Amino acid sequence: MAFKRGFYLICGLCSLALGLLGIPLPILPTVPFILLAAFCFARSSDRLHNWLMTHPWFSEALNDWAQNRGIRKGLKKKAYIVSGLSFTVSIAIAPLIWVKVMLLCIAIGLGLYLKQIPELDD
């Protein structure tokens, strides 16, 4: 049991770190990593789970997801805008064409992923 809790704790901390890195970096999507961190913390650490579920940056989106399996329209719009701007800048400054193509493919994949998430009214 301790091994399982430790595994979830390490996965949760790594997911949280990747989610926080995803805020400024366009390649890493923030929302899936924060959702995974909440899932892992729920199985490993009550203290970290409660911290994440009440954190001012993430609590509203996590609670919307937990209760309704969706995100608010405003948050979805912000995700589109920030991701679009980040990918546009990254593609513009990338020196290699294959990197530009890869970033474009990732951007399209992220857009398709965001599109399939149900929207909640603000």
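Residues numbered from 1 in each chain as written. Predicted model: local features only at pLDDT ≥ 70, side-chain atom pairs only at ≥ 80, totals over all residues. Heavy atoms only, no water.

(A) Fine view of the overall build of the protein. Looking only at helices and strands, one finds six helices and two strands in the protein. Its helices and strands taken in sequence order, the protein reads α-α-α-α-β-α-α-β from the N to the C terminus. For the protein, the C-alpha atoms occupy an extent of roughly 50 × 35 × 20 Å along the three principal directions. Evaluated residue by residue, the protein yields a buried proportion of 32% over its 122 residues. (Helix = DSSP H or I, 4+ residues; strand = E, 2+ residues; numbered from the N terminus. Buried < 20%, exposed > 50% of the residue type's maximum accessible area, 1.4 Å probe, protein only.)

(B) Quick look at the pattern of salt bridges. One pass over the structure, following the stated rule, counts four salt bridges. One salt bridge in this structure joins Arg72 and Glu60, with 2.9 Å as the shortest N-O distance. Taken together, the positions of Arg72 in strand S1 (residues 71–72) and Glu60 in helix H4 (residues 59–68) put the pair 12 residues apart, joining distant regions of the chain. One salt bridge connects Glu119 with Lys76, and the closest N-O pair in it is separated by 3.6 Å. Of the two residues, Glu119 is situated in strand S2 (residues 119–120) and Lys76 in helix H5 (residues 73–93); the sequence distance between them amounts to 43 residues. Where salt bridges share partners, they join Glu60, Asp64 and Arg72 into one cluster. (Salt bridge = Lys/Arg side-chain N within 4 Å of Asp/Glu carboxyl O.)

(C) The nonpolar core, seen in detail. Core analysis: the largest hydrophobic core is formed by 11 residues, namely Leu16, Ile34, Leu35, Ala37, Ala38, Phe41, Leu48, Leu52, Met53, Phe58 and Leu62. Per-element accounting of this core gives the leading share, five residues, to helix H2 (residues 30–42). Residues in contact with Leu16, not counting those within four places in the same chain, are Phe33, Ile34, Ala37, Phe41, Trp51 and Leu52. Among the nonpolar cores identified, the runner-up in size contains eight residues, and Val99, Leu103, Leu114 and Ile117 belong to it. (Core = buried A, V, L, I, M, F, W, Y, C linked by side-chain atoms within 4.5 Å. Contact = heavy atoms within 4.5 Å.)

(D) Representation of the packing of helix H1 (residues 2–21) against H2 in the model. It is at 8 Å that the axes of H1 and H2 come closest, and there the two elements cross at 155°. In terms of axis orientation, H1 runs roughly antiparallel to H2. Judged by the twist between their axes, the crossing of H1 over H2 is left-handed. When H1 is examined against H2, the residues Tyr8, Leu9, Cys11, Gly12, Leu13, Ser15, Leu16, Leu18 and Gly19 are found in contact with a partner set consisting of Thr30, Phe33, Ile34, Leu36, Ala37, Phe39, Cys40 and Phe41. (Axes fitted to C-alpha atoms, helices over the stretch in contact; angles between N-to-C directions. Parallel < 35°, antiparallel > 145°, perpendicular 65-115°, else oblique. Left-handed = near helix turned anticlockwise from the far one by under 90°.)

(E) Here's a closer look at the environment of Trp98. The topology assignment puts Trp98 in helix H6 (residues 97–116). In the structure, Trp98 is positioned 22 residues away from Leu120 in sequence and 37 Å away in space, judged by C-alpha atoms.

(F) Fine view of the domain arrangement of the protein. Here the protein is partitioned into domain 1 (1–67) and domain 2 (71–120). Spacing between the C-alpha centres of domain 1 and domain 2 amounts to 21 Å. Counting residues at the interface gives eight residues for domain 1 and 11 residues for domain 2. Of the roughly 910 Å² buried at the junction of domain 1 and domain 2 (both faces included), carbon and sulfur atoms supply 74%. On the surface where domain 1 and domain 2 come into contact, there are two salt bridges. Arg72 is the partner of Asp64 in a salt bridge, and the nearest nitrogen-oxygen pair spans 2.9 Å. Across the domain 1-domain 2 interface, the total number found is two residue pairs in polar contact (both at pLDDT 80 or more). (Domains from an automatic or database assignment. Buried area = accessible area lost by both parts, 1.4 Å probe. Polar contact = N/O pair within 3.5 Å; in protein donor to acceptor, adjacent residues only side chain to side chain.)

(G) Expanded view of H5. Between the first and last C-alpha of H5 there are 30 Å, a value that for 21 residues agrees with the 30 Å anticipated at 1.5 Å per step. For H5, the secondary structure elements touched by its buried residues are S1, H6 and S2. (Expected span 1.5 Å × (residues − 1).)

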